[in-house]
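Reading the structure
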Amino acid sequence: MTTSVFDSHWTEILAAPFMRNAMLAGLCIAVAAGAMGYFTIARHSTFAAHALAHIGLPGATGAVLLGLPVSVGMGLFALGGALVIGALGKRASQREIATGTVLAFATGLGLFFARMSSSASQQMQAILFGSILTITRGQVIGFIIFDAILLILLALIYRPLLFSSLDEQVAQARGVPIGLMNLTFMAIMAGVITIAVPAVGTLLIFALVVTPAATANILVASPLRAMLVSGLICLASIWGGLVISAMVPAPPSFVIVTLSTLFWALAKGWAALRA
Amino acid sequence: MVTDTDRTSTQACIVFDHAAIRRSGRLIWSEGTFAIPSGTVTAIVGTNGTGKTSMMQAELGLLPLDAGSLQVLGQPAGQANDRIGYVPQSYTSDIDSNLTAEQSVLLGLTGTRFGIHPVTRQDRERTRKAMRFVGVEDRAHLRLSQLSGGLRQRVAIAQALVCDPDLLMLDEPLANLDLAGQRATVHLLAQLNSRLGMTIQVVAHDLNMLLPVLTGAVYLLDGHPHYARMDDVLDSDLLTHLYGTKVEVVTTPQGDMFVAPDMDEPIGPVHNRYQPSQVARLHETDKERTS
């Protein structure tokens, strides 16, 4: 019985080309999610980030319907949603109902588009729950380019973005263009969501973008260190998920999310014991 | 009394000229014509919704005037903001911020810099100096979320001080603080004014705590702001009228404020209570005086 559960050829699976693509994609996602997760929490935009993934859903299924790449539709819809949310301002607490309503509508629309074609219907599960093992070499190259742009942009706006995350009013009084900061943040967020969705899907994205950053925040206080630790936790979750899912018959998305949640629970427990 | 003559010139720090503020179509206040001198400690007082915070936002150039003009530190409002330290009330809202006190204060210096700028030794020294002045140096490495409301406010003040402003503006600095915290904050403001010659403006609804340090007040009454020096106008009467409820105020002779060993114990209190008819008369005489 145990032999059937445990795959003794797991090392061969790990050496396969699709696994190498998945590992590289995981690295790119970890870099992007690690850097942006910190700001997502600092700006109280975790719900908005979660919603963006869902707003991207009809874009993804719609793209399949039109014969376009999934990430193009996903990215366009997420970016559109991001710019609208960003333009409305940072007061996330006042936007919860509007965001949630749009989230629900977008998910429904995504389902509608998916039902209009059989190919979209087939891809629906991959979009919702991710399929990191099907990531292509072309996608990985796209991820690397995105990461490079993200890191350069973030380096340029790092301090004003952090200042406006800490206290928008003070930053505004001192001359930080907070509207632009908001739009830029949300636009980058849309990009991060778009590249993270192939790994865990729209439904589980929270565990990859927000949870590692929350774990890092428990462990370290400096923003840069938190981003680094968050990226490492994200990477450990994805790579660990890939390795474990090669050994036992479990979908990678499930193992990735489980590991991410486990790290968070451990950090929480550690903090509680220390207090 | 120790004053910094460089900063406390006779030049006016804030000049309102027939200024009016409108918010979503509603006139908040109008006909604001007065000048607040440099080196003073001024309170903006008035009941809720009379436009105290709006006044501060107008001075920062964040809220455009509906009419008139407003000069701050010799320039149109909003142009000299790099010489203004601003502490909003919202320092209490972001209680789960993960930044340390030191990082937060440092942002007051570096937070407006786009591009890649490593933090210099000079930046760190200035940050440490600001934290030492407000007395949170020993909490530098604690996270904001680990600090009490009073300490978080001190960090916010240090963040405003770190760029060495000429004017410090605080929105309701005494709200949400216990008595000891209020006293400590008032003491700190007195120090900033007397030792550094900083001009200070405070939005407040409870004046009593601030009385020992105040040199004047802008009061928002009947939709028009008026400025008056404290020794002229400490009309407890006026305040009674202002708040629509009986207010007991202590008149402190100006000049005793900084020399008093314990500024929390005002010298020679004089309790005044006026009738509404008298208030109206005093209000009129004050109008004549300021115009």
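Residues numbered from 1 in each chain as written. Chains lettered and ligands numbered in written order. Predicted model: local features only at pLDDT ≥ 70, side-chain atom pairs only at ≥ 80, totals over all residues. Heavy atoms only, no water.

**A few points about the overall build of chain B**
Each helix and strand counted, chain B has nine helices and 10 strands in total. The 291 residues of chain B split such that 53% are buried. For chain B, contacts bridging at least 24 residues in sequence account for 68% of all contacts bridging at least 6. By element, 49% of the accessible surface of chain B is carried by carbon and sulfur atoms, the whole surface being about 12,700 Å². (Helix = DSSP H or I, 4+ residues; strand = E, 2+ residues; numbered from the N terminus. Buried < 20%, exposed > 50% of the residue type's maximum accessible area, 1.4 Å probe, protein only. Contact = heavy atoms within 4.5 Å. Areas by Shrake-Rupley, 256 points an atom, 1.4 Å probe, with all protein chains shown as cover.)

**Looking at the domain arrangement of chain B**
One frequent convention defines the size of an interface as the accessible area lost when the parts assemble. Residue and element names in this part refer to chain B. If you check the domain split of chain B, you get domain 1 (10-80 + 166-233), domain 2 (98-159) and domain 3 (235-290). In this structure, domain 1 and domain 2 have C-alpha centres spaced 25 Å apart. Of the residues lining the interface, 11 residues belong to domain 1; the matching set on domain 2 comes to seven residues. At the surface where domain 1 touches domain 2, the tally comes to zero salt bridges. There are three residue pairs in polar contact (both at pLDDT 80 or more) connecting domain 1 and domain 2. Sorting elements by how many residues they give to the side of domain 1 that touches domain 2 places helix H5 (residues 179-196) first, with seven residues. Partitioning the side of domain 1 that touches domain 2 into residue classes produces eight nonpolar, two polar and one charged. (Domains from an automatic or database assignment. Salt bridge = Lys/Arg side-chain N within 4 Å of Asp/Glu carboxyl O. Polar contact = N/O pair within 3.5 Å; in protein donor to acceptor, adjacent residues only side chain to side chain. Nonpolar A, V, L, I, M, F, W, Y, C, P; charged D, E, K, R; others polar.)

**Looking at helix H3 (residues 121-134) of chain B**
All names here are of chain B. Spanning 14 residues, H3 covers 20 Å between terminal C-alpha atoms, matching the ideal 20 Å at 1.5 Å per step. Restricting attention to buried positions, one finds in H3 the residues Asp 123, Thr 127, Ala 130, Met 131 and Val 134. An end-on view of H3 places all buried positions within 95° of arc, on one side of the element. Exposed side of H3, more than 90 degrees from the buried face: Arg 121, Gln 122 and Lys 129 are the residues found there. Of the surrounding secondary structure, the elements contacted by the buried residues of H3 are helix H2 (101-110), helix H4 (149-161) and H5. At the C-terminal side of H3, Gly 135 shows a positive phi close to 80°. (Expected span 1.5 Å × (residues − 1). Arc of directions from axis to C-beta.)

**Description of the packing of aromatic side chains**
The full count for this structure, using the stated rule, is six aromatic pairs over all chains. Aromatic pair B:Phe16 and B:Phe34: ring centres 4.5 Å apart, planes at 25°, arrangement stacked. Of this pair, B:Phe16 sits in strand E1 (residues 12-23) while B:Phe34 sits in strand E2 (residues 26-37), and the two are 18 residues apart along the sequence. Through a chain of ring-to-ring contacts, the aromatic side chains of B:Phe16, B:Trp29, B:Phe34 and B:Tyr227 assemble into a single cluster. Above the ring of A:Phe185, the side-chain terminus of A:Arg43 is found at 5.1 Å from the ring centroid. (Phe/Tyr/Trp six-rings, centres within 6.5 Å; stacked < 30°, edge-to-face > 60°. Lys NZ or Arg CZ within 6 Å of the ring centre and 35° of its normal.)

**So, the confidence of the model for chain B**
Residues and elements named next belong to chain B. In the predicted model, chain B carries a mean pLDDT of 79, and 74% of its residues have values of at least 70. In this model, residues 1-9 is a region of pLDDT below 50 whose contacts with residues beyond four sequence positions or in other chains number 19 contacts. Note that residues 253-291 has pLDDT below 50 and, in this model, 63 contacts with residues that lie over four places away or in other chains. Predicted as a complex, the structure gets a pTM of 0.83 and an ipTM equal to 0.85. (pLDDT = per-residue confidence, 0-100.)

**A look at unusual backbone geometry**
Residues and elements named next belong to chain B. Although it is not a glycine, Leu 73 adopts a positive phi angle of roughly 55°. Considering the arrangement of structural elements, one finds Leu 73 in the loop between strand E4 (67-72) and strand E5 (75-76). With phi around 50°, Glu 172 is a residue other than glycine that occupies positive phi space. With respect to the helices and strands, the residue Glu 172 is situated in the loop between strand E7 (167-171) and H5.

**Quick look at the interface of chain A and chain B**
Contact residues are listed per partner, giving 27 residues for chain A and 31 residues for chain B. Summing both partners gives a buried area of about 2,500 Å² for chain A against chain B, and 56% of it is carried by carbon and sulfur. It is A:Arg159, A:Leu166 and A:Arg174 in chain A that bury the most area against chain B; as a group they hold 31% of the surface buried on that side. Joining chain A to chain B, the criterion identifies zero salt bridges. Among the secondary structure elements, those contributing two or more residues to the side of chain A that touches chain B are helix H8 (137-166), helix H9 (168-173) and helix H12 (211-219) of chain A. When residues of the side of chain A that touches chain B are assigned to their parent elements, the largest contribution, nine residues, is made by H8(A). Across the side of chain A that touches chain B, the residue classes tally to 18 nonpolar, six polar and three charged. (Buried area = accessible area lost by both parts, 1.4 Å probe.)

**Some details on helix H5 (residues 70-88) of chain A**
Taking 1.5 Å of rise per residue, 19 residues should cover 27 Å, and H5(A) covers 27 Å from first to last C-alpha, within 8% of that figure. For H5(A), every residue scored as buried is listed here: A:Gly73, A:Met74, A:Gly75, A:Ala78, A:Gly81, A:Ala82, A:Ile85 and A:Gly86.

**Remarks on the pattern of salt bridges**
All names here are of chain B. Inspection of every chain in the model, using the stated rule, returns seven salt bridges over all chains. With a shortest N-O distance of 3.1 Å, Asp 66 and Arg 22 are connected by a salt bridge. Here the residue Asp 66 occupies a position in the loop between helix H1 (52-59) and E4, and Arg 22 occupies one in strand E1, the gap between them amounting to 44 residues. With a relative accessible area of 40%, Asp 66 lands in the partly exposed category. You can call Arg 22 partly exposed: its relative accessible area is 39%. Within the structure, one salt-bridge network assembled from shared partners comprises Glu 125, Arg 128, Arg 132 and Glu 137.

**Section: the UniProt feature "transmembrane region" (unreviewed entry) in chain A**
Residue and element names in this part refer to chain A. Annotation from UniProt places "transmembrane region" (unreviewed entry) at residues 21-41, 61-85, 97-114, 126-157, 178-197, 203-221, 228-248 and 254-273. Helix makes up 100% of residues 178-197 and strand 0%, whereas the separation of the span's terminal C-alpha atoms amounts to 28 Å. Annotated as residues 228-248, this span is 95% helix and 0% strand, and its ends, taken at the C-alpha atoms, are 30 Å apart. (UniProt positions renumbered as here; feature names shortened; annotations may be inferred.)

**Regarding the pairing of strand E3 (residues 41-45) of chain B**
Residues and elements named next belong to chain B. Among the five residues that make up E3, five are buried, leaving the element largely enclosed by the rest of the structure. Across the two faces of E3 the burial is the same, with Val 41, Ala 43 and Val 45 and Thr 42 and Ile 44 all buried. Summarising the sheet, E3 and strand E8 (residues 199-203) pair through four bridges and their orientation is parallel. Among the inter-strand pairings, Ile 44 is bridged to a residue of E8, identified as Val 203. (Pairing = 2+ DSSP bridges.)

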